[in-house]
Amino acid sequence: MNITRNNLDALNAVVTVEVSKSDYAPKVEKVLSDYRKNAAIPGFRKGTVPMSLIQKQYGKAVLLEEVNKVLQENLNRYLQEEKIDILGNPLPVVTEDFNWDAEDFKFDFELGLTPEVVVDLTAKNSLIQYKVIADESMLDAQVGRIQKQYGKIVSTDVVAEGSDVSGVFANEEKGINNRTTLDMDLFADKKAAKAFIGKKVGDVITLKTKGLFYDDHKLMDVLAISHDDVHGLDIEVTFTIDEVVAREAAELNQELFDKLFGPGVINSVEELKAKIKEDAETQFAQQSDQKFLTDVSEFLIANTKFDLPAAFLKRWIQTAGENPLTAEEAEAEYTKSENGLRYQLIEGRIMADNNLQITFEELKDFTSGLIRKQMAQFGQMNPSDEDVQGIVARVMGNQEEVKRLSEQVMSEKMLSLFKDKVKAKSKEVNYDDFVKVMYGEM
């Protein structure tokens, strides 16, 4: 077995694998011998079929299979031993006049080589890291929502300020048909909220989904669509009103405070607002962090320059899937996936340069924390360590879950690194302005 490499340029190479008869013949002979022992051919007792007949019937197929096994095994070992980083998989060079009747064979494989990537996290940029605050108007609005939520329900005929409206969201093309109840105060699009005023049961209102709520997850809930489908959704939906109710605001007293947070935890409107502010800004920080992570990732993709073996990757994409693609389909697929591939290489370089790794204990601790949060949401505030670790063990036994959780842990590590090294400006905004930033309106 002889393997040689010819570097065509910095991103492309051809590996030639020479397979001689001695590399595969013993394996072929053993397989054919096993076939002979078990072959059931009319006119011959089991185990007495002539080898020439076995060779004629099975020889070529066995030869192809065993040569391929030897070829793949030695090619993979060569790539590992030579520490050759490749993109995709080796692509065999097809020759129409290949002679399988020869004793020695020569195979060529194209390689797409991983480019050298240099990432400068301290590069000059115009990135902004937002600190989102819950301002006084937001706190007042939230206190009003609490009063409304715990107030007395009164049926009414016409939608007015502060009404709750039940009805059905629909969009035939997207298969949306979901009944829900809307609080007018939750609309980010104030024009949409005003469109309801004065409407009655049976009226139909047309709304645009983009920017309808402050949080896309609210849109996901009211339309009953998936997390993947809701982001960037920009369609028209209809809302058919089937019930209107008003609420008489609850009094801001100790009875309400105790109902919300437990006896004696909150004792005044000022303490209530402070609690609301703390909880809201914790949630806002998560959203701000996600935007910063996305912004830095997009900046790095746009500003970290390196070439890819594009022609090779397009040919590889044509054959990589379950069904072969045309050249045009592979071109389209490459265009869709190029930025994702570039970020994978950038992220890999950052991880190597900064020694970012995930230990098993870190993954267990992270999983344990998630499980405790989820249990708390269902009222289990103090689960035993034994119960939590039992669930952790089951989760860690699922490879798909381990992969998903590992990505979350690494995302947190990358975010922490970006906050430390990327020289972004800090800017304090209220939530309304942050939403405008998210939708490109500022």
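Residues numbered from 1 in each chain as written. Predicted model: local features only at pLDDT ≥ 70, side-chain atom pairs only at ≥ 80, totals over all residues. Heavy atoms only, no water.

J.: Please explain the overall build of the protein chain as it appears in this structure.
T.: Helix and strand counts for the protein chain come out as 14 helices and 11 strands. Computed over C-alpha atoms, the radius of gyration of the protein chain comes to 32 Å, more than 25% over the 22 Å expected from 2.2 N^0.38 for 442 residues, which places it beyond the range of a compact globule. Expressed along its principal axes, the backbone C-alpha trace of the protein chain runs to roughly 95 × 60 × 50 Å. Across the 442 residues in the protein chain, those meeting the buried criterion constitute 35%. (Helix = DSSP H or I, 4+ residues; strand = E, 2+ residues; numbered from the N terminus. Rg over C-alpha atoms; globule rule 2.2 N^0.38 Å. Buried < 20%, exposed > 50% of the residue type's maximum accessible area, 1.4 Å probe, protein only.)

J.: What is the right way to read the pattern of salt bridges from this model?
T.: Should their charged atoms come close, side chains of opposite charge can pair. Within this structure, the stated rule accounts for 26 salt bridges. Salt-bridge contacts for K21 lead to E103; the nearest nitrogen and oxygen are separated by 3.4 Å. With a gap of 82 residues between them, K21 in helix α1 (residues 21-38) and E103 in the loop between β3 (86-92) and β4 (105-113) connect regions that are remote in the sequence. Given the relative accessible area of 38%, K21 is considered partly exposed. Judged by relative accessible area, which is 47%, E103 ranks as partly exposed. For E73, the salt bridge identified is with R77, shortest N-O distance 3.0 Å. Within this pair, E73 and its partner R77 are both found in helix α2 (residues 51-81), separated by four residues, close to a single helical turn. By relative accessible area, which is 45% here, E73 ends up partly exposed. Under the relative-accessibility criterion, R77 is labelled partly exposed at 34%. (Salt bridge = Lys/Arg side-chain N within 4 Å of Asp/Glu carboxyl O.)

J.: I'm lost on the packing of helix α9 (residues 310-320) against helix α10 (residues 327-353) in this one. Help?
T.: A pair of packed helices is captured by two measures, namely the crossing angle of their axes and the spacing between those axes. Relative to each other, α9 and α10 sit at 115°, their axes nearing to 9 Å. Where α9 crosses over α10, the handedness of that crossing is right-handed. Contacts from A310, L313, K314, I317 and Q318 of α9 reach α10 at A327, A330, E331, E333, Y334 and L341. Partitioned by chemical class, the residues of the contact of α9 with α10 number seven nonpolar, one polar and three charged. (Axes fitted to C-alpha atoms, helices over the stretch in contact; angles between N-to-C directions. Left-handed = near helix turned anticlockwise from the far one by under 90°. Contact = heavy atoms within 4.5 Å. Nonpolar A, V, L, I, M, F, W, Y, C, P; charged D, E, K, R; others polar.)

J.: Would you explain the layout of surface pockets in this entry?
T.: Taken as a whole, the largest pocket encloses approximately 1700 Å³ of empty space. What lines the largest pocket is a set of 37 residues, and nearest its centre among them are Q286, Q290, L293, T294 and S411. Among the elements of the structure, α5 (216-223), α8 (269-303), α10, α11 (360-377), α13 (399-421) and α14 (431-438) are those that each provide at least two residues to the lining of the largest pocket. Here the lining of the largest pocket gets 10 residues from one element, more than from any other, and that element is α8. Taken together, the residues of the lining of the largest pocket break down into 13 nonpolar, 15 polar and nine charged. Considering the residues around the second largest pocket, the lining is formed by 43 residues, among which Q142, R145, D185, L186 and Y214 are closest to the centre. Among the elements that make up the lining of the second largest pocket, the one with the highest residue count is helix α3 (residues 136-149) (nine residues). The residue inventory of the lining of the second largest pocket, partitioned by class, reads 19 nonpolar, nine polar and 15 charged. (1 Å grid on protein atoms, 1.4 Å probe; cavity = no way out; pocket = protein on both sides within 12 Å on 5 of 7 lines; lining within 4 Å. Points joined across faces, edges and corners; volume = space filled by probe spheres on them.)

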